[in-house]
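# Structural description and commentary
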Amino acid sequence: MLTSIIFAAVFYTISWVIQKVAGRSSSKADKVNNNVFVFSFIGLSLWDISSSLFTYIDYFDEYGNSELTEKLATNFGKKLFLYGIVIVPLCWNKKSLIFAEIIKPTGNVFKKFSENIKEVRNSFKSTKAIDKKYAKKLKSKIKSEDYEGSIKEAKKAIKINPKNLDAYYYLVLSKICLEDFRGAIKSANKALKINPRDNRFYYFLSISKYDLEDYEAALLDIDKCIDLSSEYGDYYTHRGDIKRELKDFYSAINDYSKAIKLNPDDAENYRSRGLAKDWSGDLEGTISDWEKAVELGDNELKEWIEEKKESLDSGEG
């Protein structure tokens with residue numbers, strides 16, 4: 001509040017000098033100077049309040065409900081209360097001037113603004129309808145494994161709406177299915193420029209880099225993906241695969257265990273965890289996981305299980 005008063009006083013002083021130079025009568029000059037002070041103070045106060053609010057919102061988005069955000073919320077509440085005590089009486093005192101000089105002349109502006117909002121809303125509805133139309137086409141193309149066709153439709157959708165992230169999703173997915181991993185990385189990075197918090201594209205980046213055998217980079221991307229969304233078992237399975245390639249078997253086993261917790265009926269997770277245990281020398285753990293995978297329908301592992309049991313009986317491994 002002190003800052004608002006100081007700057008309002010500065011504007012008052014500037015106005016006082018101007019009135020003196022212009023040679024206006026003291027009554028007119030005082031009226032102008034007082035109005036300059038009041039409106040400057042109100043404007044600066046609103047700026048200070050909005051600045052505190054936006055700071056709170058930014059920190060809340062970043063850190064959630066923490067001690068810091070609680071302090072910022074308290075600070076905002078105090079400012080709002082203190083400014084309210086001063087601003088409300090000022091506005092009431094100057095209500096006739098405010099209506100004559102500000103509210104009435106800006107009526108047409110708000111009317112025009114309302115009309116513009118309606119136009120934007122109608123345009124948004126139209127764009128949304130087009131996006132839905134292309135989303136239906138893209139799903140159909142992916143389902144029929146027409147990845148080339150999916151890429152063409154996705155590019156058309158992006159041309160109409162450059163911020164259509166669902167179109168980017170199908171574009172990147174199609175490129176991965178066609179093993180165009182570098183193209184997928186390029187498109188995924190474009191999507192992340194639109195929304196840096198869309199975890200789907202970090203997952204696609206990680207898959208693409210994994211297939212290009214850039215395991216360290218793939219790990220960084222899947223870590224970002226899981227930081228943004230940790231409820232999908234496939235993310236942990238993929239990270240386990242990367243860590244297994246990096247020979248970090250125990251950490252890989254931990255990720256596969258998390259995936260199993262989220263998707264307990266997925267045989268692939270037991271197969272993968274069993275493989276990590278095999279590479280780390282845990283034959284009994286390998287057999288146990290693979291037997292569970294067989295129970296869930298992965299019959300290919302039956303022969304492997306017998307081989308591991310023979311190795312265990314012979315004392316190998």
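Everything discussed here concerns the structure shown above.
Residues numbered from 1 in each chain as written. Predicted model: local features only at pLDDT ≥ 70, side-chain atom pairs only at ≥ 80, totals over all residues. Heavy atoms only, no water.

### A short note on the side chain of R239
Within the fold, R239 resides in helix α11 (residues 233–245). For R239, the residues in contact, after removing those within four places along its chain, are L219, I222, D223, I226, D255 and K258. (Helix = DSSP H or I, 4+ residues; strand = E, 2+ residues; numbered from the N terminus. Contact = heavy atoms within 4.5 Å.)

### Quick notes on a negative patch on the surface
A contiguous patch of negative charge, built from E303, E306, E307, E310 and D313, is present on the exposed surface. In this structure, E306 sits in helix α15 (residues 301–314). (Patch = residues over 30% accessible without salt bridge, like charges linked within 9 Å, V, L, I, M, F, W, Y side chains within 5 Å. Areas by Shrake-Rupley, 256 points an atom, 1.4 Å probe, with all protein chains shown as cover. Salt bridge = Lys/Arg side-chain N within 4 Å of Asp/Glu carboxyl O. Lys, Arg positive; Asp, Glu negative; His and termini not counted. Charge placed at Lys NZ, Arg CZ, Asp CG, Glu CD.)

### Topic: the packing of α11 against helix α13 (residues 267–279)
At a minimum axis distance of 11 Å, the contact between α11 and α13 shows a crossing angle of 20 degrees. Accordingly, the angle class assigned to the pair α11 and α13 is roughly parallel. Remark: the crossing between α11 and α13 carries left-handed chirality. For the pair α11 and α13, the contacting residues are T237, D241 and R244 in the first and N269, S272, L275, A276 and W279 in the second. (Axes fitted to C-alpha atoms, helices over the stretch in contact; angles between N-to-C directions. Parallel < 35°, antiparallel > 145°, perpendicular 65-115°, else oblique. Left-handed = near helix turned anticlockwise from the far one by under 90°.)

### Looking at the nonpolar core
The biggest cluster of nonpolar side chains holds 38 residues, and the ones touching the most others in it are V172, I176, F201, F204, I222 and I242. Listed by contribution, the elements that provide at least two residues to this core are α5 (107–143), α6 (147–160), α7 (165–177), α8 (181–194), α9 (199–211), α10 (215–228) and α11. The element best represented in this core is α7, accounting for eight residues. Setting aside anything within four residues of it in sequence, one finds I222 in contact with Y203, S206, Y235, H238, R239 and I242. (Core = buried A, V, L, I, M, F, W, Y, C linked by side-chain atoms within 4.5 Å. Buried < 20%, exposed > 50% of the residue type's maximum accessible area, 1.4 Å probe, protein only.)

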